[in-house]
Amino acid sequence: MRCYAPLQVFKDKIKEFRSTVQQLTGWRVDMQKENEYVLVSSYGQPNDTLVFQSSKKDGALQLLESEFATRLSECEIHYLQERQSIPACLSAVTHRLLG
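Cut-off values and rules
- Residues numbered from 1 in each chain as written.
- Predicted model: local features only at pLDDT ≥ 70, side-chain atom pairs only at ≥ 80, totals over all residues.
- Heavy atoms only, no water.
- Disulfide = S-S within 2.5 Å.
- Buried < 20%, exposed > 50% of the residue type's maximum accessible area, 1.4 Å probe, protein only.
- Helix = DSSP H or I, 4+ residues; strand = E, 2+ residues; numbered from the N terminus.
- Pairing = 2+ DSSP bridges.

Engineer: Tell me what's going on with the state of the cysteines, and back it up with residues and numbers.
Structural biologist: With the rule as written, the count across this model stands at zero disulfides. Unpaired in this structure, Cys75 has its nearest cysteine sulfur neighbour in Cys89, at a distance of 8.6 Å.

Engineer: I'd love a proper account of the pairing of strand S3 (residues 49-54), names of residues and values included.
Structural biologist: In terms of burial, S3 is a largely internal element, five of the six residues being buried. As defined by bridge partners, strand S2 (residues 36-41) adjoins S3 across five bridges and the pair is classed as antiparallel. What sits directly across from Val38, in S3, is Val51. Here S3 pairs with strand S4 (residues 61-63) via three bridges, running antiparallel. Along S4, the bridge assignment pairs Gln53 with Gln62. Counting the residues between successive antiparallel strands, the hairpin from S3 to S4 contains six residues, one of them, Gly59, with a positive phi of roughly 80°.

Engineer: Break down the pairing of S2 for me, citing the residues and quoting the values.
Structural biologist: With respect to burial, S2 is a largely interior element, five of its six residues being buried. The sheet contact formed by strand S1 (residues 27-33) and S2 spans six bridges and is antiparallel. Note on S2: the bridge partner recorded for Trp27 is Ser41. The antiparallel pairing of S1 with S2 creates a hairpin that spans two residues between the two strands, and Asn35 there sits at a positive phi of about 65°.

Spelled out as structure tokens, the structure:
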């Protein structure tokens, strides 16, 4: 049996968690800098990224401008703005990319 240092165990669990999230959602989530999260679809191009920023006040996520964000459909924008549902928006984007 191999004995791991606590930091290595933590790194391994984070890697496992990130892999599982990507498998379940189709999106890789990277922390670019504090309070900023870059989402990369498993089904799009590597540079097709959505960037969200977390509010320090209440933790709410806001979509930041990116080249890929400007190409979101009216329906995908509707899920963000009118329904306040990031999961529905990401699902619609995934569905479109699988097209």
